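Descriptive analysis of the structure
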Amino acid sequence: MAGPAIDVIMTRDHVVLKTGTYSLWCGRKDGQLIPGREVDPARLDLPMPLGQVWGCIGKIRFFSDADWKLLLIHHASSVGEMPWGGKVYCIEQIAVLPLTTDPSVEHVGLEPPSSSDPGGLRPHSPALGKTRSTRASKEKSKELKDKEKLERRLTEALLWMFNESRSFYFCPEGDLTQCLQRQPTDHETEVPHWQMVDERFFWNKRMLDDLLEENYAGPLADPWVLPVVQGYVEIREIPVQRREMPVTLQAWKPQPEVERRTKKPDLKSPEVERRTKKPDLKSP
């Protein structure tokens, strides 16, 4: 992967991602992610090309009654190549694409990365969008406006987390969650690499649940399952006895759910203290 190779096309009912002979249909009404085969853009219903991206992180929503948002890798930079040949990339910018049929987001396009547009999205008609937003806001209740305000703040925090921290990485050709000794052997390379990752470091697994379900899991879904890890990676070559030796430093942060399950007990808690308290040998 030398650059963004996934076409993003918006239709009346879907946002379609297309690469090679595979496609991913993201419902604008229900947010469902459905993998498919190659699609001819000319046969789509009211197709509108939005640009190209590096990959799909998954979908997210902050409230049960809110619209789903599609997280796309808008820009990434090469970090280096792992000893087993997989290229590693650092996510530098994402795009958050609302999965909704709201006409105000109908004309949305992906632009080249820009510091003034951290979401990677631009409205086709800013003035019209602002007028609609102002008129609609007067009719909304205070509770709904507060909810939308909180959603905007959470979206901004999500953008900042990806665009400013430079702590999210992915490897399209391999597994970043395992050390070199645990990489797949020759007879295991036919298995999709995402099926062999350490789930503790599969940061976006829950965002791709639709593709991992039994109904859709398979060869059509495999190209769209891109494990993203959070942490730090550095690849350098150092001189050792007049030879350049590649050295890779990796440090990953486990998912919050896994981190809670593996958290060590508090040795000062009353419950642990009762279990570990030594018997009083002087008592009668």
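Cut-offs used in this document
- Residues numbered from 1 in each chain as written.
- Predicted model: local features only at pLDDT ≥ 70, side-chain atom pairs only at ≥ 80, totals over all residues.
- Heavy atoms only, no water.
- Helix = DSSP H or I, 4+ residues; strand = E, 2+ residues; numbered from the N terminus.
- Buried < 20%, exposed > 50% of the residue type's maximum accessible area, 1.4 Å probe, protein only.
- Contact = heavy atoms within 4.5 Å.
- Areas by Shrake-Rupley, 256 points an atom, 1.4 Å probe, with all protein chains shown as cover.
- pLDDT = per-residue confidence, 0-100.
- Core = buried A, V, L, I, M, F, W, Y, C linked by side-chain atoms within 4.5 Å.
- Salt bridge = Lys/Arg side-chain N within 4 Å of Asp/Glu carboxyl O.
- Polar contact = N/O pair within 3.5 Å; in protein donor to acceptor, adjacent residues only side chain to side chain.
- Pairing = 2+ DSSP bridges.
- Phe/Tyr/Trp six-rings, centres within 6.5 Å; stacked < 30°, edge-to-face > 60°.

Notes on the overall build of the protein chain
Broken down by element type, the protein chain carries five helices and 13 strands. For the protein chain, the proportion of its 284 residues judged to be buried stands at 38%. Here the contacts in the protein chain between residues at least 6 apart in sequence split such that 58% fall between residues at least 24 apart. For the protein chain, the exposed surface amounts to about 17800 Å²; the carbon and sulfur share of it is 52%.

Focus on the confidence of the model for the protein chain
Should the pLDDT be low somewhere, the predicted coordinates at that spot are not to be read in detail. In the predicted model, the protein chain carries a mean pLDDT of 76, and the fraction of residues at 70 or more is 67%. Within the protein chain, no element has a lower average pLDDT than helix α1 (residues 126-137), which sits at 42, and none a higher one than strand β6 (residues 55-60), at 95. Confidence over residues 123-133 falls short of pLDDT 50; this stretch has four contacts with residues more than four positions distant or in other chains. Segment residues 269-276: pLDDT under 50, and four contacts once partners within four positions in sequence are set aside and those in other chains are kept.

Overview of the nonpolar core
With 23 residues, the main nonpolar core has Val8, Val15, Leu17, Leu24, Leu70 and Leu211 as its most contacted residues. Broken down by secondary-structure element, the contributors of at least two residues to this core are β1 (6-10), β2 (14-19), β3 (22-27), β5 (48-53), β7 (68-81) and β8 (87-99). The leading source of residues in this core is β1, at three residues. If we skip the residues at most four places from it in the chain, leucine 211 touches Leu24, Leu33, Pro35, Tyr216, Ala217, Ala221, Trp224 and Val225.

Structural notes on the pattern of salt bridges
In this structure the tally under the stated criterion is 10 salt bridges. The residue lysine 29 makes a salt bridge to aspartate 13 at a minimum N-O spacing of 3.8 Å. With a gap of 16 residues between them, lysine 29 in the loop between β3 and β4 (33-37) and aspartate 13 in the loop between β1 and β2 connect regions that are remote in the sequence. With a relative accessible area of 25%, aspartate 13 lands in the partly exposed category.

Section: the environment of serine 167
Along the chain, the position of serine 167 falls in the loop between α2 (142-165) and β11 (168-170). Classification of serine 167 as buried rests on a relative accessible area of 14%. Serine 167 sits 65 residues away from tyrosine 232 along the chain, and the two C-alpha atoms are 5.8 Å apart. The contact partners of serine 167, leaving out residues within four places of it in the chain, are Val229, Gln230 and Gly231. Only 2.9 Å separates the side chain of serine 167 from the side chain of serine 165, close enough to count as a polar contact.

Points about the pairing of β8
Burial within β8 is extensive, with 10 of its 13 residues counted as buried. Bridge count between β7 and β8: 12 bridges; the pairing is antiparallel. Paired with tryptophan 68 across the bridge in β8 is leucine 99.

Observations regarding the packing of aromatic side chains
Here the structure, examined in full by the defined rule, presents five aromatic pairs. Here tyrosine 89 and phenylalanine 170 contribute two aromatic rings whose centre-to-centre distance is 5.5 Å and whose plane-to-plane angle is 20 degrees, an arrangement assigned as stacked. Of this pair, tyrosine 89 sits in strand β8 while phenylalanine 170 sits in strand β11, and the two are 81 residues apart along the sequence. The class of phenylalanine 170 is buried, set by a relative accessible area of 0%. Between phenylalanine 168 and tryptophan 203, the ring centres sit 5.0 Å apart and the planes meet at 75 degrees, which makes this aromatic pair edge-to-face. Separated by 35 residues along the polypeptide, phenylalanine 168 in strand β11 and tryptophan 203 in the loop between β11 and α3 (209-212) bring together distant segments of the chain. The same class applies to phenylalanine 168 and to tryptophan 203, which are both buried.

Focus on the environment of proline 192
Examined against the element boundaries, proline 192 turns out to sit in the loop between β11 and α3. Given a relative accessible area of 22%, proline 192 falls into the partly exposed group.

Regarding the side chain of threonine 100
Mapped onto the secondary structure, threonine 100 falls in the loop between β8 and β9 (108-110). Since its relative accessible area comes to 10%, threonine 100 is described here as buried. Polar side-chain contacts of threonine 100 include one of 3.5 Å to the side chain of aspartate 67.

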